[in-house]
Number of protein chains: 2
Amino acid sequence: MIQKNLDFVLSEKKKKIDKALTRVLTKKKGFNKPLYDAMLYSVSAGGKRLRPAIMLLVGGDLFNMDKHEGLMQTACSIEMIHTYSLIHDDLPSMDDDDFRRGLPTLHKKYDESVAILAGDALFSLAIETFAKAEGFKDKDKLKGLSFLLENVGTEGMVAGQYVDTKIDNYKRNSLVLKYIHLKKTAAMISASFALPALLSGAKNACFERLAKLGTSAGLLFQIADDIIDVTQSSEVLGKTAGKDLKQNKLTFVSLYGLEKAKRMAVKEAQTARRLSDEINFNTPYIPELIEYFHKRIK
Amino acid sequence: MIQKNLDFVLSEKKKKIDKALTRVLTKKKGFNKPLYDAMLYSVSAGGKRLRPAIMLLVGGDLFNMDKHEGLMQTACSIEMIHTYSLIHDDLPSMDDDDFRRGLPTLHKKYDESVAILAGDALFSLAIETFAKAEGFKDKDKLKGLSFLLENVGTEGMVAGQYVDTKIDNYKRNSLVLKYIHLKKTAAMISASFALPALLSGAKNACFERLAKLGTSAGLLFQIADDIIDVTQSSEVLGKTAGKDLKQNKLTFVSLYGLEKAKRMAVKEAQTARRLSDEINFNTPYIPELIEYFHKRIK
C-alpha cells in the first residue's frame with residue numbers, strides 16, 4: 001500500500017519531468033538539430049528521474065513549491081547533468097559500456113564524437129537552464145548554482161569518476177572507496193535534496209540537514225548498486241551485469257564481500273531514516289523513498 | 001612602435017592571467033590532485049590568452065575595471081572554457097591531433113579518459129569560478145553567465161564543433177561555413193568582448209556593439225586561421241599544418257580558395273575597424289589587436 005503510493009507519486013513526477021525535458025530538448029530545424037536529437041535520445045532512454053523527482057518532492061513538501069515552474073527547470077538541469085555524466089562514463093576509454101537502460105549507449109547508437117559533444121552540450125544547457133530558471137531571487141539562484149557546481153566538478157562528481165577510472169593508481173582501501181562513492185554518486189543525490197532549500201532561501205541549518213540526508217541516501221543507493229551488480233541479471237539491470245567485477249572496480253562488494261556490504265546498507269539506511277525523522281517531512285514520500293533505495297537489494 | 005606597445009600590454013596581461021590560472025588550478029594534495037595536474041598541463045601549454053586578455057582590455061578601457069578582481073576571475077573562466085574545448089576537439093574521435101601549441105595533446109600525454117574528464121572538469125570549474133566571481137551585482141553576473149553559456153553550448157561553440165565534426169553530412173556551402181565559424185570561434189571571442197559590458201551593467205546598446213565587434217573580430221581571426229593552416233609550417237603553427245585540407249574540413253580556403261579568402265579577411269578587418277571606431281576606445285589596444293589579427297596572414 002505504502003509502496004504503491006510512492007510508485008504513483010514517482011510516476012506522476014516522472015511524466016511531468018519527461019514532458020519538461022522533451023520541451024527543452026526538441027529542436028525542429030537548424031544545423032544543430034542532430035545534436036539535440038542525440039541529447040534527447042540519451043535523456044529519453046528510460047531512467048527513473050530519481051534526482052529531479054527528489055528535488056520536486058523536497059521542494060513541494062518543505063517549501064511549498066509544488067507548482068513552481070523554476071523548480072521544474074532546475075530539476076531538469078539535474079537530470080541533464082546526470083545524463084551527461086552517464087554518456088561520458090559509458091565511452092570506450094572510460095567504462096566502455098554498450099548498453100544503458102536496455103538501449104545502445106550513445107556512442108554505439110551514433111559514434112564517439114557525437115557522444116562527447118552531446119555530453120558537453122547537455123552539461124552546458126543544464127547550467128544555462130538553471131541560470132535562467134524563473135521565480136527565484138538572484139542571490140539564491142547564484143548560491144544554488146555554486147553549490148551545484150561544487151558537487152559536479154573537480155571536487156564532486158568528476159573527481160569521483162576520475163578516481164574510479166584510474167583505480168589502479170590508488171590503494172584499494174575504505175578511504176578511496178568512500179571518496180569515489182561520495183563524489184561520484186552521493187554528491188549529486190545530496191545536491192538534489194539540498195537545492196530546494198538554497199533556492200528558496202531557507203536557513204542554513206535546514207540546508208545542511210537536507211544535504212546530509214542526501215549524502216546518506218546517496219551512499220545507500222550506491223551500496224545497493226554495487227550489490228545488485230553481482231546479484232541481478234543484465235536483463236533486470238538494463239546494463240551489463242557483473243561489470244564492476246570484470247573491470248576490477250573498487251566497490252563495497254569487492255572490498256568487503258556481499259554479506260558485509262549488505263550490513264553496511266542496513267546501517268546507512270538507519271542513518272538516513274534518522275536524519276529524515278529529524279527533518280520531519282509533511283508527506284511520507286521521502287521516508288518511503290529511502291525504504292525503496294534499500295529494498296532494491298532485497 | 002605601435003605593435004610593440006600592444007605586444008607589451010598583451011604580455012603583461014598574459015603574465016597576470018597565467019598567475020591567476022595557476023592559482024585556481026594548483027592542488028597540493030587529495031585523491032583528485034592528478035586531475036588538477038592534467039587540467040593545469042593543458043592550460044599551461046602555451047596559449048596567448050587572447051580571449052581573457054580581450055576581457056581585461058575592454059573592461060579596463062571602457063568600464064574602469066583595471067584592478068577588478070572579479071573581472072580577472074571571469075577572464076580565467078573564459079580561458080578554461082577555451083582550453084576545455086581544445087582538449088575535447090583534439091581527441092582521436094574528433095580532430096585527432098597529437099600536438100597542440102608544440103606539446104603533446106592531453107590524450108597523448110596521459111590518455112583519452114583523462115582528457116575527457118579534464119575537459120569536463122575545466123568546464124565545470126570555469127562556470128563555478130564565474131558564478132563565484134567577486135564584486136559584481138548578482139543580476140549582472142547571472143546575465144553574464146547566461147550570455148556566456150548561450151555562446152558555449154548547443155547554440156554556440158559546441159554546435160559549431162558538432163557541424164565541423166560532421167561536415168560530411170552537410171552541404172559544403174557558405175551558409176554552413178559561416179555557421180561553423182560563427183559558432184565555433186567567433187561566439188567565444190564575441191563573448192570576451194561583450195562580457196565586461198554585461199558584468200558592469202552597461203547599457204544594452206553598448207553591449208550589443210561590443211558583441212558585434214567581437215563577432216567580426218572572431219570571424220577575421222578564423223579566416224586567418226584557415227589561411228595560415230595552408231601557408232605556414234607545423235613548427236610555426238605549433239600544431240599539424242595542412243590538417244584542415246587532410247581532414248576535408250570546410251574552411252574559407254577550401255570553399256573560396258586562398259586569394260578570395262584573403263580578400264574576405266580584408267573585408268572583415270574593415271568591418272571590425274569601423275565597429276571599433278564607433279565604440280571609440282580610450283586606449284589604442286583593441287584597434288591594434290584587430291590589426292594584429294589581420295597581420296597573422298601577411
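Criteria and thresholds
Residue positions are counted from 1 within each chain, in the order its sequence is given. Just so you know, chain letters begin at A and ligand numbers begin at 1, following the order they were written in. Where local features are concerned, this predicted model is filtered to residues with pLDDT of at least 70; where side-chain atom pairs are given and counted, the filter is 80 or more; whole-chain, interface and lining totals use all residues. With hydrogens and water excluded, all non-hydrogen atoms of the structure serve as input to the side-chain values. UniProt positions are given in the numbering used here, feature names are shortened, and annotations may be inferred rather than shown by experiment. The predictor rates its confidence in each residue with pLDDT, a number between 0 and 100. The secondary structure listing takes helices from DSSP runs of H or I that are at least 4 residues long and strands from runs of E that are at least 2 residues long, numbered from the N terminus. Exposed residues in this analysis have more than 50% of their type's maximum accessible area, buried residues have under 20%, and partly exposed residues fall in between, with area computed by a 1.4 Å probe over protein chains only. Given the number of residues in a helix, its expected span is that number minus one, multiplied by 1.5 Å. Arc, as used here, means the arc of the directions from the helix axis to the C-beta atoms.

By the naming in an unreviewed UniProt entry, chain A is Polyprenyl synthetase family protein, taken from candidate division WOR-3 bacterium. According to UniProt, the comment filed for chain A under the heading Cofactor (unreviewed entry) is "Mg(2+)".

Attention shifts here to the confidence of the model for chain A. Here chain A averages 95 in pLDDT, and 99% of its residues register 70 or above. Our summary of model confidence lists the complex with pTM equal to 0.96 and ipTM equal to 0.96.

Attention now goes to unusual backbone geometry. All names here are of chain B. Positive phi, normally seen in glycine, also occurs at Asn64, with a value near 60 degrees. Mapped onto the elements of the fold, Asn64 is located in the loop between helix 3 (50-63) and helix 4 (69-89). With a relative accessible area of 72%, Asn64 lands in the exposed category. Positive phi outside glycine occurs at Asp96, with the angle close to 55 degrees. Along the chain, the position of Asp96 falls in the loop between helix 4 and strand 1 (99-100).

On to helix 14 (residues 258-279) of chain B, then. Residues and elements named next belong to chain B. Along its 22 residues, helix 14 runs 32 Å from first to last C-alpha, staying within 8% of the 32 Å computed at 1.5 Å per residue. Listed in full, the buried residues belonging to helix 14 are Ala261, Ala265, Glu268, Ala269, Ala272, Leu275, Ser276 and Ile279. Looking straight down helix 14, one finds that the buried residues subtend no more than 130 degrees of arc, so they occupy a single side. What points out from helix 14, more than 90 degrees from its buried face, is the exposed set Glu259, Arg263, Lys267 and Asp277.

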